[in-house]
Amino acid sequence: MENVRLSPLISEREIRTRVQKMGETITDKFKGQDLAVIGVLKGSFLFYADLVRAIDTDLTCDFMGVSSYSEMTSTGEVKINLDLSRSIRDRNVVVVEDIVDTGLTMNYLRRHLMAHKPKNLMTVSLLMKPDALKEKCEVDLVGFKIPNDFVVGYGLDYQGYFRNLPYIAQVSNIN
Ligand code: 5GP
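Below is a summary of the structure that appears in this document. (Residues numbered from 1 in each chain as written. Predicted model: local features only at pLDDT ≥ 70, side-chain atom pairs only at ≥ 80, totals over all residues. Heavy atoms only, no water.)

### Focus on the overall build of the protein
Counting its regular elements, the protein contains three helices and nine strands. N-terminal to C-terminal, the α/β element order of the protein is β-α-β-α-β-β-β-α-β-β-β-β. Here the C-alpha radius of gyration of the protein, 16 Å, is about what a compact globule of 175 residues would show, namely 16 Å. Each of the three principal axes of the protein carries a C-alpha extent, and together these read 50 × 35 × 25 Å. Residues counted as buried form 49% of the 175 residues belonging to the protein. Total accessible area on the protein stands at roughly 9,200 Å², and carbon and sulfur atoms take up 47% of it. The averaged location of the 23 negative side-chain charges in the protein is 3 Å from the averaged location of its 22 positive side-chain charges. (Helix = DSSP H or I, 4+ residues; strand = E, 2+ residues; numbered from the N terminus. Rg over C-alpha atoms; globule rule 2.2 N^0.38 Å. Buried < 20%, exposed > 50% of the residue type's maximum accessible area, 1.4 Å probe, protein only. Areas by Shrake-Rupley, 256 points an atom, 1.4 Å probe, with all protein chains shown as cover. Lys, Arg positive; Asp, Glu negative; His and termini not counted. Charge placed at Lys NZ, Arg CZ, Asp CG, Glu CD.)

Written out as C-alpha coordinates, the structure is:
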(Lines give C-alpha, C1' and ligand atoms only; values in the text may rest on other atoms or scores of the structure.)
Protein backbone atom coordinates (compact mmCIF):
# COMPACT_ATOMS: atom_id res chain seq x y z
CA MET A 1 0.00 0.00 0.00
CA GLU A 2 1.38 3.41 -0.96
CA ASN A 3 2.10 6.23 1.52
CA VAL A 4 2.10 3.88 4.50
CA ARG A 5 5.12 2.95 6.59
CA LEU A 6 5.10 -0.18 8.79
CA SER A 7 7.37 -0.55 11.84
CA PRO A 8 7.41 -4.06 13.33
CA LEU A 9 6.31 -4.06 16.99
CA ILE A 10 5.58 -7.67 18.01
CA SER A 11 7.16 -10.59 16.13
CA GLU A 12 5.48 -13.75 14.92
CA ARG A 13 7.47 -15.75 17.42
CA GLU A 14 6.51 -13.50 20.38
CA ILE A 15 2.86 -13.80 19.36
CA ARG A 16 3.06 -17.60 19.11
CA THR A 17 4.65 -17.96 22.56
CA ARG A 18 2.22 -15.57 24.26
CA VAL A 19 -0.90 -17.04 22.62
CA GLN A 20 0.14 -20.54 23.70
CA LYS A 21 0.54 -19.28 27.28
CA MET A 22 -2.87 -17.53 27.14
CA GLY A 23 -4.44 -20.82 26.01
CA GLU A 24 -2.85 -22.57 28.99
CA THR A 25 -4.21 -19.91 31.37
CA ILE A 26 -7.74 -20.40 29.98
CA THR A 27 -7.35 -24.19 30.16
CA ASP A 28 -6.27 -23.95 33.83
CA LYS A 29 -9.43 -21.97 34.60
CA PHE A 30 -11.93 -24.14 32.69
CA LYS A 31 -10.32 -27.61 32.44
CA GLY A 32 -13.02 -30.31 32.47
CA GLN A 33 -15.79 -27.74 32.01
CA ASP A 34 -17.84 -26.79 28.97
CA LEU A 35 -16.89 -23.51 27.31
CA ALA A 36 -18.27 -21.13 24.66
CA VAL A 37 -15.52 -19.10 22.99
CA ILE A 38 -16.80 -16.02 21.15
CA GLY A 39 -14.58 -14.29 18.59
CA VAL A 40 -15.18 -10.65 17.77
CA LEU A 41 -14.88 -10.18 14.00
CA LYS A 42 -13.08 -9.29 12.00
CA GLY A 43 -9.91 -8.29 13.83
CA SER A 44 -9.64 -11.29 16.15
CA PHE A 45 -9.91 -14.01 13.48
CA LEU A 46 -6.25 -15.12 13.45
CA PHE A 47 -5.76 -14.71 17.19
CA TYR A 48 -9.01 -16.61 17.80
CA ALA A 49 -7.97 -19.48 15.52
CA ASP A 50 -4.63 -19.86 17.30
CA LEU A 51 -6.11 -19.38 20.78
CA VAL A 52 -8.86 -22.02 20.53
CA ARG A 53 -6.24 -24.54 19.39
CA ALA A 54 -4.24 -23.76 22.54
CA ILE A 55 -7.24 -24.40 24.86
CA ASP A 56 -7.60 -27.97 26.09
CA THR A 57 -11.24 -28.42 27.14
CA ASP A 58 -14.57 -29.06 25.37
CA LEU A 59 -15.63 -25.86 23.64
CA THR A 60 -17.97 -24.42 21.04
CA CYS A 61 -17.05 -21.57 18.68
CA ASP A 62 -19.27 -18.60 17.93
CA PHE A 63 -18.72 -15.12 16.50
CA MET A 64 -19.97 -11.59 16.86
CA GLY A 65 -19.40 -8.74 14.45
CA VAL A 66 -19.07 -5.23 15.84
CA SER A 67 -17.88 -1.96 14.39
CA SER A 68 -16.82 1.27 16.06
CA TYR A 69 -13.96 2.44 13.89
CA SER A 70 -13.80 4.60 10.82
CA GLU A 71 -10.31 4.69 9.21
CA MET A 72 -7.97 5.20 12.19
CA THR A 73 -10.24 6.66 14.89
CA SER A 74 -13.05 5.38 17.10
CA THR A 75 -16.52 6.76 16.33
CA GLY A 76 -17.46 6.20 19.97
CA GLU A 77 -20.54 4.30 18.87
CA VAL A 78 -20.61 0.50 18.86
CA LYS A 79 -22.84 -1.37 16.39
CA ILE A 80 -23.52 -5.11 16.26
CA ASN A 81 -23.41 -6.44 12.67
CA LEU A 82 -23.49 -10.12 13.58
CA ASP A 83 -24.98 -11.59 16.76
CA LEU A 84 -24.54 -14.98 18.48
CA SER A 85 -25.95 -18.02 16.72
CA ARG A 86 -26.71 -19.98 19.91
CA SER A 87 -27.61 -19.26 23.52
CA ILE A 88 -24.89 -18.70 26.12
CA ARG A 89 -27.27 -18.83 29.08
CA ASP A 90 -25.67 -20.64 32.06
CA ARG A 91 -22.50 -21.36 30.07
CA ASN A 92 -18.88 -20.44 30.73
CA VAL A 93 -18.07 -17.81 28.13
CA VAL A 94 -14.76 -16.41 26.90
CA VAL A 95 -14.99 -13.36 24.63
CA VAL A 96 -11.96 -12.81 22.39
CA GLU A 97 -11.08 -9.31 21.14
CA ASP A 98 -8.15 -8.18 18.99
CA ILE A 99 -7.44 -4.90 20.77
CA VAL A 100 -8.79 -2.69 23.55
CA ASP A 101 -8.26 0.96 22.67
CA THR A 102 -10.80 3.40 24.22
CA GLY A 103 -12.44 0.45 26.03
CA LEU A 104 -15.89 1.28 24.65
CA THR A 105 -16.27 -1.89 22.58
CA MET A 106 -15.17 -4.29 25.33
CA ASN A 107 -17.42 -2.60 27.90
CA TYR A 108 -20.32 -2.71 25.43
CA LEU A 109 -19.67 -6.40 24.71
CA ARG A 110 -19.47 -7.22 28.40
CA ARG A 111 -22.86 -5.56 29.05
CA HIS A 112 -24.40 -7.20 25.98
CA LEU A 113 -23.16 -10.68 26.87
CA MET A 114 -23.99 -10.40 30.60
CA ALA A 115 -27.59 -9.62 29.58
CA HIS A 116 -27.68 -13.17 28.11
CA LYS A 117 -27.01 -14.52 31.66
CA PRO A 118 -23.88 -16.66 31.18
CA LYS A 119 -22.62 -18.71 34.14
CA ASN A 120 -19.27 -16.94 33.88
CA LEU A 121 -17.73 -14.37 31.51
CA MET A 122 -13.99 -14.04 30.89
CA THR A 123 -12.75 -11.17 28.71
CA VAL A 124 -9.61 -11.69 26.63
CA SER A 125 -7.76 -9.33 24.31
CA LEU A 126 -4.55 -9.86 22.37
CA LEU A 127 -3.58 -6.17 22.67
CA MET A 128 -4.41 -3.27 24.95
CA LYS A 129 -3.47 0.42 24.77
CA PRO A 130 -3.69 1.51 28.43
CA ASP A 131 -2.99 5.17 27.54
CA ALA A 132 -5.94 5.31 25.12
CA LEU A 133 -8.67 4.20 27.56
CA LYS A 134 -11.59 6.62 27.69
CA GLU A 135 -13.45 4.69 30.36
CA LYS A 136 -12.48 2.16 33.01
CA CYS A 137 -12.17 -1.22 31.32
CA GLU A 138 -10.96 -4.30 33.14
CA VAL A 139 -9.88 -7.15 30.88
CA ASP A 140 -9.27 -10.54 32.49
CA LEU A 141 -6.45 -11.62 30.15
CA VAL A 142 -4.32 -9.38 27.91
CA GLY A 143 -1.59 -10.60 25.55
CA PHE A 144 0.46 -7.42 25.17
CA LYS A 145 0.14 -3.85 26.43
CA ILE A 146 1.23 -1.48 23.67
CA PRO A 147 1.76 2.29 23.18
CA ASN A 148 -1.06 4.48 21.93
CA ASP A 149 -0.26 4.04 18.20
CA PHE A 150 -2.31 2.55 15.38
CA VAL A 151 -1.28 -1.04 14.66
CA VAL A 152 -1.97 -3.61 11.95
CA GLY A 153 -1.27 -7.26 11.25
CA TYR A 154 -2.24 -10.65 12.71
CA GLY A 155 -5.90 -9.86 11.91
CA LEU A 156 -5.87 -6.08 12.40
CA ASP A 157 -6.40 -3.88 9.35
CA TYR A 158 -5.90 -0.44 7.91
CA GLN A 159 -8.56 0.28 5.26
CA GLY A 160 -9.18 -3.47 5.02
CA TYR A 161 -5.53 -4.35 4.31
CA PHE A 162 -2.64 -5.88 6.30
CA ARG A 163 -4.77 -8.43 8.18
CA ASN A 164 -2.57 -11.19 6.68
CA LEU A 165 0.71 -9.89 8.15
CA PRO A 166 1.98 -12.60 10.53
CA TYR A 167 3.34 -9.98 12.95
CA ILE A 168 2.06 -6.72 14.50
CA ALA A 169 3.33 -3.41 13.14
CA GLN A 170 2.84 0.27 13.90
CA VAL A 171 1.50 2.29 10.97
CA SER A 172 2.36 5.81 9.98
CA ASN A 173 1.14 7.78 6.98
CA ILE A 174 3.83 9.37 4.83
CA ASN A 175 2.79 12.33 2.76
P1 5GP B 1 -12.31 0.58 21.32
O2 5GP B 1 -13.79 0.47 21.38
O3 5GP B 1 -11.60 -0.05 22.51
O4 5GP B 1 -11.87 2.00 21.12
O5 5GP B 1 -11.82 -0.10 20.01
C6 5GP B 1 -11.87 -1.44 19.78
C7 5GP B 1 -11.82 -1.73 18.30
O8 5GP B 1 -11.23 -0.67 17.55
C9 5GP B 1 -10.95 -2.93 18.04
O10 5GP B 1 -11.69 -4.11 18.11
C11 5GP B 1 -10.42 -2.65 16.64
O12 5GP B 1 -11.33 -3.10 15.68
C13 5GP B 1 -10.34 -1.14 16.56
N14 5GP B 1 -8.98 -0.64 16.86
C15 5GP B 1 -8.57 0.04 17.96
N16 5GP B 1 -7.27 0.34 17.90
C17 5GP B 1 -6.83 -0.17 16.73
C18 5GP B 1 -5.54 -0.21 16.10
O19 5GP B 1 -4.52 0.28 16.59
N20 5GP B 1 -5.49 -0.84 14.90
C21 5GP B 1 -6.57 -1.40 14.31
N22 5GP B 1 -6.38 -1.98 13.13
N23 5GP B 1 -7.80 -1.40 14.87
C24 5GP B 1 -7.92 -0.78 16.07
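Past the structure itself, the notes keep going.
### A closer look at the site of the ligand
Near the ligand lie 17 residues; those nearest to it are Asp98, Thr102, Thr105, Val151 and Asp157. In this structure, Glu97 approaches the ligand through a side-chain N or O atom, which is 3.1 Å from an oxygen atom. About the coverage of the ligand: the protein hides 91% of its 510 Å² of free accessible area. By residue number, the principal contributor to the shell around the ligand is strand 5 (residues 92-100), which donates four residues. (Near = heavy atom within 4 Å. Polar contact = N/O pair within 3.5 Å; in protein donor to acceptor, adjacent residues only side chain to side chain.)

### What about the layout of surface pockets?
Where empty space is left in the structure can be found by rolling a water-sized probe over the atoms. Each pocket or cavity is described by its volume, and for the second largest pocket that value is around 190 Å³. Around the second largest pocket, the lining residues are Glu12, Ile15, Arg16, Val19, Gln20, Asp50, Arg53, Ala54, Tyr154 and Pro166. Elements that contribute at least two residues to the lining of the second largest pocket include exactly helix 1 (12-30) and helix 2 (45-53). It is helix 1 that provides the largest number of residues to the lining of the second largest pocket, a total of five residues. (1 Å grid on protein atoms, 1.4 Å probe; cavity = no way out; pocket = protein on both sides within 12 Å on 5 of 7 lines; lining within 4 Å. Points joined across faces, edges and corners; volume = space filled by probe spheres on them.)

### Digging into the environment of Thr25
The residue Thr25 is located in helix 1 in this model. Each C-alpha atom, one on Thr25 and one on Thr105, is 23 Å from the other, the two residues being 80 residues apart in sequence.

### Points about the pairing of strand 7 (residues 141-145)
Within strand 7, four of the five residues are buried, which leaves it mostly tucked inside the rest of the structure. With four bridges connecting them, strand 6 (residues 120-128) and strand 7 associate as parallel partners. Counterpart to Leu127 in the pairing with strand 7 is Phe144. (Pairing = 2+ DSSP bridges.)

### Observations regarding the pattern of salt bridges
Inspection of every chain in the model, using the stated rule, returns seven salt bridges. In this structure, Lys31 engages Asp56 in a salt bridge whose closest nitrogen and oxygen atoms are separated by 2.8 Å. Remark: Asp56 occurs in the loop between helix 2 and strand 3 (59-70) and Lys31 occurs in the loop between helix 1 and strand 2 (35-41); sequence separation between them is 25 residues. Residue classification places Asp56 among the partly exposed positions, given a relative accessible area of 49%. (Salt bridge = Lys/Arg side-chain N within 4 Å of Asp/Glu carboxyl O.)

### So, the sheet that holds strand 1 (residues 4-10)
The strands making up a sheet are joined through hydrogen bonds of the backbone, oriented either antiparallel or parallel. Reading across the sheet, the three strands line up as 1-9-8 and stay open at both edges, with antiparallel pairing between neighbours. In the strand order of this sheet, the two ends are held by strand 1 and strand 8 (151-152), each with one partner. Two strands pair when backbone bridges link them, and strand 8 and strand 9 (residues 168-173) are joined in this way by two bridges, in the antiparallel orientation. Directly across from Val151, in strand 9, lies its bridge partner Gln170.

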